[in-house]
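So you can see what is in the structure, the chains are spelled out below.
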Amino acid sequence: MKRRDLIRYLERHGCKFLREGNNHTVYVNELDKKVSTIPRHREIDENLVKKICKDLGISKP
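In short, a report on the structure. Values in this document were obtained by computation on a predicted structure and should not be read as measured data. (Residues numbered from 1 in each chain as written. Predicted model: local features only at pLDDT ≥ 70, side-chain atom pairs only at ≥ 80, totals over all residues. Heavy atoms only, no water.)

## Some details on the packing of aromatic side chains
Heads up, the rule is: In summary, the pairing rule links any two rings of Phe, Tyr or Trp, Trp by its six-membered ring, whose centres are within 6.5 Å, and it sorts them by plane angle into stacked for under 30 degrees, edge-to-face for over 60 and tilted for everything else. By definition, any uninterrupted DSSP run of H or I lasting at least four residues is a helix, any uninterrupted run of E lasting at least two residues is a strand, and each is numbered from the N terminus.
A full pass over the atoms with the stated rule returns 1 aromatic pair. Plain terms: the ring middles of Phe-17 and Tyr-27 are 6.1 Å apart, the flat faces sit at 80° to each other, and that makes the pair edge-to-face. Pair noted here: Phe-17 is in strand S1 (residues 15-20) and Tyr-27 is in strand S2 (residues 24-29), with a separation of 10 residues, a long-range link.

And the structure:
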């Protein structure tokens, strides 16, 4: 999955940008108080996408 598509999906499901790290971006689900990091790669593996969604408490794309 493309990184920008994942970020759009997360934002549509209520997740918000928290901060930038050196090699990743941190998003937070404020309703559930859950946090996950998104690596800065153009393509993100499907298994990692599932883990990010699970960490944030939202359904998988």
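## A word on the sheet that holds S2
Here is the rule: Note: two strands are recorded as paired if DSSP finds a minimum of 2 bridges between them. A fitted line through C-alpha atoms serves as each axis, taken over the contacting stretch for helices, and the angle formed by two N-to-C directions is quoted from 0 to 180°. Working rule for contacts: check all heavy atoms of both residues, and any pair within 4.5 Å makes them a contact.
Taken together, 3 strands build an open sheet; the order of strands is S1-S2-S3 and the sheet is antiparallel. Only two strands of the sheet have a single partner each, and these edge strands are S1 and strand S3 (34-39). This sheet shows a mean twist of 30° between the axes of neighbouring strands, independent of strand direction. Across 5 bridges, the pairing between S1 and S2 is antiparallel. Of the residues in S2, the one forming a bridge with Glu-20 is Thr-25. In the packing of helix H1 (residues 3-12) onto the sheet, the strands contacted are S1, S2 and S3, and the crossing angle to S3 comes to about 165°. Across the sheet, helix H2 (residues 46-56) is in contact with S1, S2 and S3; its angle to S3 comes to roughly 160°.

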